[in-house]
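As a plain string of letters, each chain reads:
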Amino acid sequence: MRKKIVAGNWKMNLNDSEASELIQNVNAEKINDVELIIFPPFLYLDRAVNNSIQTKVGAQNCYPENSGAFTGEISPEQLQSVGVEFCLVGHSERRSILGESNAFLKSKVNALLSNQLQVVFCCGEVKEERESGVQNQIVKNQLEESLFHLSEEDFQNVIVAYEPVWAIGTGLTASSDQAEEMHAFIRSLIAQKYSESTAENTSILYGGSCNPTNAQELFSKENVDGGLIGGAALKADSFLAIAKSF
Ligand code: PEP
């Protein structure tokens, strides 16, 4: 049985005391049968690891080398050494603002897996691509160029997050049918590349303006195994309400 997961991407938000408060509050109420993962800014990772009772901790980014002259960057080895277990790869903001290519994302995936971190791999189309009906081809390319070189064994450490870019931070949500259609397509690609059992065991999360009001409908779909949450993860009550929506 694949895991149900609700993950919170805090992005570049919250000051020191706000971060401490949120770490404390997302751990204050016990949530059963759902894995909660928080992705705070680097500055607060160590604190999140040391104060988490139920939440697992992930980083929002990494640089695909273990150490060296890479000013300002953080390596998978460093993340692993402070107890971080997950890392986002391929978030649309890094693809569009930081210009990260599928090939560069592939090198991050490799570096993370060789340091025993799990990858939360984000994929998704922009508005124009959805409007011209090429969303499946776009997502297929993203998976093929950054993930599908992995062995079946390594792929067990990957969680996929489908995030239609037009829905991120916009208040527009994919309908539950649109999400289900894409998630089923992604699962079929994993089955073709690896096996039915690997496809069945891979958690595929939806991201894009998911909130306590729409989460239940999205999570009711067979292939939607949870959410990657941005804005609504910055308040413990909305994050936990989403986690209770299964
Ligand atoms: C995200 O950035 O991963 C995201 C899903 O953001 P939001 O929930 O704010 O749309």
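Up top you'll find the structure we're talking about.
This report concerns the structure included in the present document. Model, not experiment: these values are computed from the prediction.

Around the ligand lies a shell of 14 residues, among which Lys-11, His-91, Glu-163, Gly-169 and Ser-209 are the nearest. Within the contact set of the ligand, an oxygen atom lies 2.7 Å away from a backbone nitrogen or oxygen of Ser-209. The protein chains hide 95% of the 290 Å² of surface that the ligand would expose on its own. Taken together, the residues that form the shell around the ligand break down as 4 nonpolar, 8 polar and 2 charged.

Bringing the sheet that holds strand β7 (residues 204-207) into the picture now. Spatially, β1-β2-β3-β4-β5-β6-β7-β8 is the arrangement adopted by the 8 strands of the closed barrel, whose pairing is parallel. Sheet twist, expressed as the mean angle between neighbouring strand axes with direction ignored, is 25°. Of the pairings in the sheet, the one linking strand β6 (residues 158-162) to β7 comprises 3 bridges and is parallel in character. When the sheet's bridge partners are listed, Tyr-162 is paired in β7 with Tyr-206. Helix α9 (residues 176-193) rests against β5 (118-123), β6 and β7 of the sheet, and its axis sits at about 145° to β7.

Take the side chain of Ser-245 next. Along the chain, Ser-245 falls in the segment after α12 (236-243). Discounting residues that sit within four places of it in the chain, Ser-245 has contacts with Ala-215, Gln-216 and Phe-219.

Turning our attention to the pairing of β6. Burial of β6 is extensive: 5 of the 5 residues sit out of reach of the surface. Burial along β6 is two-sided: the face carrying Val-158, Val-160 and Tyr-162 and the face carrying Ile-159 and Ala-161 are both buried. Both β5 and β6 contribute to a ladder of 5 bridges, which runs parallel. Within β6, the residue paired with Val-119 across the bridge is Val-158.

Here we come to the packing of helix α5 (residues 102-113) against helix α7 (residues 135-146). Their axes nearest at 8 Å, the elements α5 and α7 cross at an angle of 50°. With respect to α7, the axis of α5 lies oblique. The crossing of α5 and α7 is right-handed. Where α5 approaches α7, its residues Asn-102, Leu-105, Lys-106 and Val-109 are matched on the opposing element by Asn-141, Gln-142, Glu-145 and Ser-146. A class-by-class count of the residues in the contact of α5 with α7 yields 2 nonpolar, 4 polar and 2 charged.

Another aspect to go through is the environment of Trp-10. In this structure, Trp-10 sits in the loop between β1 (5-9) and α1 (16-26). Here the alpha-carbon distance between Trp-10 and Gly-231, two residues 221 residues apart in the chain, equals 7.5 Å. Beyond its immediate sequence surroundings of up to four residues, Trp-10 is in contact with Ala-19, Leu-22, Ile-23, Ile-38, Phe-39, Pro-40, Pro-41, Gln-60, Ala-233 and Leu-234.

We now examine the pairing of strand β8 (residues 226-229). Looking along a regular strand, one sees the side chains alternate between the two faces of the sheet. Residue alternation in β8 divides its side chains into two sets, Gly-226 and Leu-228 and Gly-227 and Ile-229, and both sets are buried. Here 4 bridges tie β1 to β8, and the two strands are oriented parallel to one another. Its bridge partner lying in β8, Ile-5 is registered against Gly-226. In terms of strand pairing, β7 meets β8 through 2 bridges, oriented parallel. Following the sheet pairing, Tyr-206 is matched in β8 by Gly-227.

All right, on to unusual backbone geometry then. One non-glycine residue, Gln-116, lies in positive phi territory at about 60°. Look at Gln-116 and you get exposed, because its relative accessible area is 59%. Backbone geometry at Ser-209 places phi at a positive 55°, although glycine is not the residue there. Relative to the helices and strands, Ser-209 resides in the loop between β7 and α11 (215-219). For Ser-209, a relative accessible area of 18% gives the class buried.

Cut-offs applied
- Residues numbered from 1 in each chain as written.
- Predicted model: local features only at pLDDT ≥ 70, side-chain atom pairs only at ≥ 80, totals over all residues.
- Heavy atoms only, no water.
- Near = heavy atom within 4 Å.
- Polar contact = N/O pair within 3.5 Å; in protein donor to acceptor, adjacent residues only side chain to side chain.
- Areas by Shrake-Rupley, 256 points an atom, 1.4 Å probe, with all protein chains shown as cover.
- Nonpolar A, V, L, I, M, F, W, Y, C, P; charged D, E, K, R; others polar.
- Pairing = 2+ DSSP bridges.
- Helix = DSSP H or I, 4+ residues; strand = E, 2+ residues; numbered from the N terminus.
- Axes fitted to C-alpha atoms, helices over the stretch in contact; angles between N-to-C directions.
- Contact = heavy atoms within 4.5 Å.
- Buried < 20%, exposed > 50% of the residue type's maximum accessible area, 1.4 Å probe, protein only.
- Parallel < 35°, antiparallel > 145°, perpendicular 65-115°, else oblique.
- Left-handed = near helix turned anticlockwise from the far one by under 90°.

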